[in-house]
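# Observations on the model geometry
One letter stands for each residue in the lines below.
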Amino acid sequence: MQNLTEIRDAYYDASTSKQSAEKFYNELSKYNKNNAVVLAYKGAAFALKSKYTFNKKDKKDFFVSGVKLIENAVKEEPQNIEIRLVRLSIQENTPKFLKYKSNLEEDKKLILLGYEKQPKEIKECVKKYVT
């Protein structure tokens, strides 16, 4: 994956099947640059990987690593709607017992308030997620 458009599409696909999630993880796990948006997607890749991992320790490790990456991306760019959308999508789909749901309202509010000012690609991501 070379650009954000490909990453966005792959993320959407990754949420639909184990095979797609594995492919997304394999592509993004190698990413080592400093783009906060891509790091948020990398975190999502780790979180999705944990969903399909059966070993409990590995499952936890992937999830914790993913959350750290997502939270670091939010810290780096707290007003970034796309990063907030990634976090929202992970938190909404995480089981309650993992206790990773504390930012749902905050992220929804920021996304709604900033939606109109977003470029077309980000608006499409939001629409794709909510439909």
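The structure under discussion appears in the preceding block.
In this report, the structure presented in the accompanying data block is examined. (Residues numbered from 1 in each chain as written. Predicted model: local features only at pLDDT ≥ 70, side-chain atom pairs only at ≥ 80, totals over all residues. Heavy atoms only, no water.)

### Topic: the pattern of salt bridges
By the definition in use, this model includes 13 salt bridges. The residue lysine 108 makes a salt bridge to glutamate 92 at a minimum N-O spacing of 3.7 Å. One end of the pair, lysine 108, is in helix α6 (residues 104-114); the other, glutamate 92, is in helix α5 (residues 81-92), with 16 residues separating them in the sequence. By relative accessible area, which is 33% here, glutamate 92 ends up partly exposed. A salt bridge links glutamate 124 to lysine 127; the nearest nitrogen and oxygen atoms lie 3.8 Å apart. Here glutamate 124 and its partner lysine 127 are both found in helix α7 (residues 120-130), three residues apart, which amounts to about one turn of the helix. We classify glutamate 124 as partly exposed; its relative accessible area is 40%. The network of salt bridges with shared partners includes Glu71, Arg84, Arg87, Glu106 and Asp107. (Salt bridge = Lys/Arg side-chain N within 4 Å of Asp/Glu carboxyl O. Helix = DSSP H or I, 4+ residues; strand = E, 2+ residues; numbered from the N terminus. Buried < 20%, exposed > 50% of the residue type's maximum accessible area, 1.4 Å probe, protein only.)

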